[in-house]
Amino acid sequence: MGEERYLPLFETTRAEGRVLYRLFAVSVFVGICLIWVYRVTHIPKAGEDGRFGWMCLFAAELWFSFYWFVTQVTRWSRIYRHTFKDRLSQRYEKEFPGVDIFVCTADPVIEPPMMVMNTVLSVVAYDYPPEKLSVYLSDDGGSELTYYALLEAAEFAKHWIPYCKKYSVEPRSPSAYFVSTASDAVRDQSQNQNQAGDLALSKKLYENMENKIENAVKLGRVSEEVRSKHRGFTQWDSYSSKRDHDTILQIVIDGRDPNARDVEGCVLPTLVYLAREKRPRYHHNFKAGAMNALIRVSSSISNGKLLLNVDCDMYSNNSMAIRDALCFLMDEEQGHEIAYVQFPQNFDNLTKNELYASLRVINEVEAHGVDNYGGPLYIGSGCFHNREVLCGKKFSKGCRSEMKWEDKRGEEISIHDLEETSKSFASCTFEENTQWGKQMGLKYGCPVEDVITGLSIQCRGWKSVYCNPTRKAFLGLNATTLLQILVQHKRWSEGNLQIMLSKYSAVWFGRGKISLGHQLGYLRYNLWAANCWATLIYSILPSLYLLRGTSLFPQISSRWIIPFAYVIIAKNIGSFVEYMWCGGTMLGWWNDQRIWLYQRTTSYLFAFIDTIVHYLGYINSAFVITAKVADEDVSDRYKKEIMEFGGSSPMFTVLATLSLLNLYCFAGFVQAAIAGTIGIAEVYETMCLQILLCGVLIVINLPLYEALYLRKDKGKLPRSVAFKSMAFAGFAFICSKFIY
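Residues numbered from 1 in each chain as written. Predicted model: local features only at pLDDT ≥ 70, side-chain atom pairs only at ≥ 80, totals over all residues. Heavy atoms only, no water.

Got a minute to help me understand the overall build of the chain in this structure?
When helices and strands are counted, the chain shows 25 helices and 13 strands. Here the C-alpha atoms of the chain give a radius of gyration of 28 Å, agreeing with the 27 Å that 2.2 N^0.38 yields for 740 residues. The C-alpha extent of the chain, read off along each of the three principal axes, is 90 × 65 × 60 Å. Within the span of the chain, comprising 740 residues, buried residues form 55% of the whole. Here the contacts in the chain between residues at least 6 apart in sequence split such that 84% fall between residues at least 24 apart. Element-wise, carbon and sulfur atoms account for 58% of the exposed surface of the chain, whose accessible area totals about 32400 Å². (Helix = DSSP H or I, 4+ residues; strand = E, 2+ residues; numbered from the N terminus. Rg over C-alpha atoms; globule rule 2.2 N^0.38 Å. Buried < 20%, exposed > 50% of the residue type's maximum accessible area, 1.4 Å probe, protein only. Contact = heavy atoms within 4.5 Å. Areas by Shrake-Rupley, 256 points an atom, 1.4 Å probe, with all protein chains shown as cover.)

Just to check I follow, could you spell out unusual backbone geometry for this structure?
Keep in mind that most residues, glycine aside, have a negative phi and that most peptide bonds are trans. In this structure, the amide linkage connecting Glu170 to the following residue, Pro171, adopts the cis form with an omega of -10°. By secondary structure assignment, the location of Pro171 is in the loop between α5 (144-167) and α6 (174-183). Its identity is not glycine, yet Glu354 carries a phi of approximately 45°, on the positive side.

Explanation requested: the state of the cysteines in the structure shown.
A covalent bond bridging the sulfur atoms of two cysteines is what the word disulfide describes. Scanning all chains against the criterion turns up zero disulfides. The thiol of Cys428 is not disulfide-bonded; the next cysteine sulfur, from Cys104, is found 17 Å away. When its relative accessible area of 18% is taken as the criterion, Cys428 is described as buried. Left without a disulfide partner, Cys735 is nearest to the cysteine sulfur of Cys665, which lies 12 Å away. Since its relative accessible area comes to 23%, Cys735 is described here as partly exposed. (Disulfide = S-S within 2.5 Å.)

What exactly am I supposed to notice about the sheet that holds strand β11 (residues 383-386) here?
The pairing of strands in a sheet comes from backbone hydrogen bonds and takes either a parallel or an antiparallel form. On the basis of which strands lie adjacent, the open sheet formed by eight strands has the order β5-β6-β4-β3-β7-β11-β9-β12 and mixed pairing. In this open sheet, the two strands that pair with only one neighbour each are β5 (248-253) and β12 (463-466). With strand direction ignored, the average angle separating the axes of adjacent strands in the sheet is 20°. Where strand β4 (residues 133-139) lies against strand β6 (residues 270-275), five bridges are found, and the strand directions are parallel. Its bridge partner lying in β6, Val135 is registered against Leu271. The strands touched by helix α10 (residues 321-329) are β3 (99-105), β4, β7 (306-311), β9 (338-342), β11 and β12; relative to β9, the strand with the most contacts, the crossing angle is about 150°. (Pairing = 2+ DSSP bridges. Axes fitted to C-alpha atoms, helices over the stretch in contact; angles between N-to-C directions.)

Can you help me understand the sheet that holds strand β8 (residues 315-316) in this one?
Read across the open sheet, the three strands follow the order β8-β13-β10; overall the sheet is mixed. Two strands lie at the open edges of the sheet, namely β8 and β10 (346-347), each paired on one side alone. Here β8 pairs with strand β13 (residues 474-476) via two bridges, running antiparallel. Residue Tyr315 lies in a different strand from β13, and its bridge partner there is Leu475.

When you look at the packing of aromatic side chains in this model, what are you seeing that I'm missing?
Under the defined criterion, the tally for this structure stands at 41 aromatic pairs. Both rings, one in Phe64 and one in Tyr538, keep their centres 5.8 Å apart while their planes meet at 65°; by these two values the pair is edge-to-face. On the criterion of sequence distance, the pair formed by Phe64 in helix α2 (residues 51-76) and Tyr538 in helix α17 (residues 531-548) is long-range, its members being 474 residues apart. Under the relative-accessibility criterion, Phe64 is labelled partly exposed at 24%. Using a relative accessible area of 17% as the deciding quantity, one classes Tyr538 as buried. Through a chain of ring-to-ring contacts, three or more aromatic side chains come together here, namely Tyr38, Trp54, Phe64, Tyr538, Phe553, Trp560 and Phe564. (Phe/Tyr/Trp six-rings, centres within 6.5 Å; stacked < 30°, edge-to-face > 60°.)

What am I meant to see in a negative patch on the surface here?
A surface patch of negative charge is lined by Asp631, Glu632, Asp633 and Asp636. In this structure, Asp636 sits in helix α20 (residues 632-639). For Asp636, a relative accessible area of 32% puts it in the partly exposed group. (Patch = residues over 30% accessible without salt bridge, like charges linked within 9 Å, V, L, I, M, F, W, Y side chains within 5 Å. Salt bridge = Lys/Arg side-chain N within 4 Å of Asp/Glu carboxyl O. Lys, Arg positive; Asp, Glu negative; His and termini not counted. Charge placed at Lys NZ, Arg CZ, Asp CG, Glu CD.)

Would you explain empty space enclosed by the protein in this entry?
If a probe as big as a water molecule is rolled over the atoms, it shows which places are left empty. Under the defined criterion, the tally for this structure stands at two cavities of 30 Å³ or more. If you add up the space inside the largest cavity, you get close to 70 Å³. Forming the walls of the largest cavity are Ser539, Leu597, Tyr598, Thr601, Leu655, Leu658, Ser659, Asn662, Leu697 and Asn701. Residue assignment for the lining of the largest cavity shows that the elements contributing at least two residues are α19 (586-615) and α21 (650-675). Examining the composition of the lining of the largest cavity, we find that four residues originate from one element, α21, more than from any other. Class assignment of the residues belonging to the lining of the largest cavity gives a composition of five nonpolar, five polar and no charged. (1 Å grid on protein atoms, 1.4 Å probe; cavity = no way out; pocket = protein on both sides within 12 Å on 5 of 7 lines; lining within 4 Å. Points joined across faces, edges and corners; volume = space filled by probe spheres on them. Nonpolar A, V, L, I, M, F, W, Y, C, P; charged D, E, K, R; others polar.)

Could you clarify how one ought to interpret the side chain of Gln342 in this entry?
Relative to the helices and strands, Gln342 is located in strand β9. Judged by its relative accessible area of 1%, Gln342 is buried. Separated by 3.3 Å, the side chain of Gln342 and the backbone oxygen of Gly382 make a polar contact. Excluding residues that lie within four positions of it along the chain, Gln342 makes contacts with Pro376, Leu377, Tyr378, Ile379, Gly380, Ser381, Gly382, Cys383, Val465, Tyr466 and Cys467. (Polar contact = N/O pair within 3.5 Å; in protein donor to acceptor, adjacent residues only side chain to side chain.)

Sorry if this is basic, but what is going on with helix α18 (residues 561-581) here?
Residues separated by three or four positions in an α-helix point in the same direction, a consequence of the helix having 3.6 residues per turn. Given a rise of 1.5 Å per residue, 21 residues ought to cover 30 Å, and the 30 Å separating the end C-alpha atoms of α18 matches this to within 8%. Residues of α18 that are buried: Ile561, Pro563, Phe564, Val567, Ala570, Ser575, Glu578 and Tyr579. Buried residues belonging to α18 abut α1 (18-41), α2, α11 (360-371), α19 and α23 (688-700). Just beyond α18, the residue with positive phi is Gly583, at close to 100°. (Expected span 1.5 Å × (residues − 1).)

None of this, on its own, says anything about what the molecule does.
Next up, the structure:
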């Protein structure tokens, strides 16, 4: 028994098939090198047709080769983690630390209160000692509707928490759970009969709560009758707007209060509402500012040693996630080196074939690879932090911080005094002349503040861990329209490129502090936006030169066709196998390739341009909230996997122009071949790869052609986009065909 105490709380295993994959990667690299040799030795002579296109393709291929090498770092030596929660419970059940959970919302219209409350209820019902659990809702919208929804959720929690624990419910988001109970077959009839009454009561109470909240949202205000019953609403008396108001802080459930009990008489977790002070003359630093305010306020109220932050649409799908995280942070041998435990970002509203792609390969492959070099990136949600580290503590090999419970209930002050004392920590002026946003808390100055925060922690010597349990820890909402997904990726790629060009670039900020493999793991994402130019070159030039009858690739009878063919086939088969291994479908992989193309030619292009303009001083970066709700018609089309366009956007104009340009070029080429201007045999011999590339680009854009010309629903592309794209594509077509 003495030896068992020192058994590790988690184990790390290496991915199977590493040698086979490395041989495959090396063979692709050899093919890439042969392509370089061909390009260098067969450059058209000065003045010869095709020289410009040849040099552009060679530049694009050099970039693709470099970026491919960077991506291999995330696949070269993957590791997987497995936790032993039974050992954790045996050793530390009574010593578990306090956990403070932060849920952030910013707009009650884009992020509906009912959705936010389902997230709050899912984390407040964790399988964890309730007296050690505190949940904080940060409302940057400062909406009394969100506060009212939290009051109603607090009442429902008195029934929901005991129900979850009594029947070991999963997931613990009421909405998601009730959907699952309606769709799943009953496995244990006797257990179901015992549970049926409680389930019916919980559903009724949930529906009552939902009706009250939805009615208030429709009215746009809280009734005077409700306001008179809760003293917290008086804090809105001085409210001017969501950008100009005092700190609003309310401890909705005080976990210290002996009367704060659920219907079974058990202690309830602490529940706090916070709307930090906002003034027009102070920059509020978006989500990073909200997080830092939460860190300070929570230190005054509960001061949990472990912090979890989740997006308001990212509900807990695994009630044991805290225990999974503690297996890493409380491990006797390695726990003192770990700063944070990052869980993957998964979605519960994905269609069967993932119409707008997902983070599947990143979650199941790449993150495990980066984990091997010192830990994953901090992605801003679903992450457990050691409070001391997030607040700036430096790593020291000899220093061990105790991740254990400290009972401070003897140090009690009245709830009113505690609220008033804590408000100052969320004021606009608190951070002046301090290290907050610099050396303490989340860093400011970048749209993806989470990434630079994680990097700075790792550069101080700390490690992070990627935990990807079989039952996903968190599930959120993926975008349901193409524009939403493109705008979201524009924000991510723009922020990552800003990091690349800033003092926080992993190349120089991480030099000598983290490993080369870890630096390249960051570059994999920092260079997202830079992929736009090489992709645009390959999407445009081969088709234009096909129209002119100029070959940019080896002849089909040449031996040099072999490395091109091998790299193309191997890369796509490898990508397909990888995607299927991650649990995807064949059509899902094809959709993934389409979105990959769309992101690189629009999201990344606009991100790159905006970043350069930003560094020239013309525009400032802004944080864009992705809408979490969709119209009923949009939702129906999404479920049927019909791509949603619906509006006019420069991104759609770019996509439509590129797709039509490839269609025009292919049609012009076919017309010339039929007319006999160029021979079929000659075409097959000299331009096989260009025909293939142009054809694939046309096939992958079929949904776009339908949206331009065939669809009649509201999700089609507007006529303005069709006219503009036809004009641009036609102009490029004419210039290429008739201007030498």
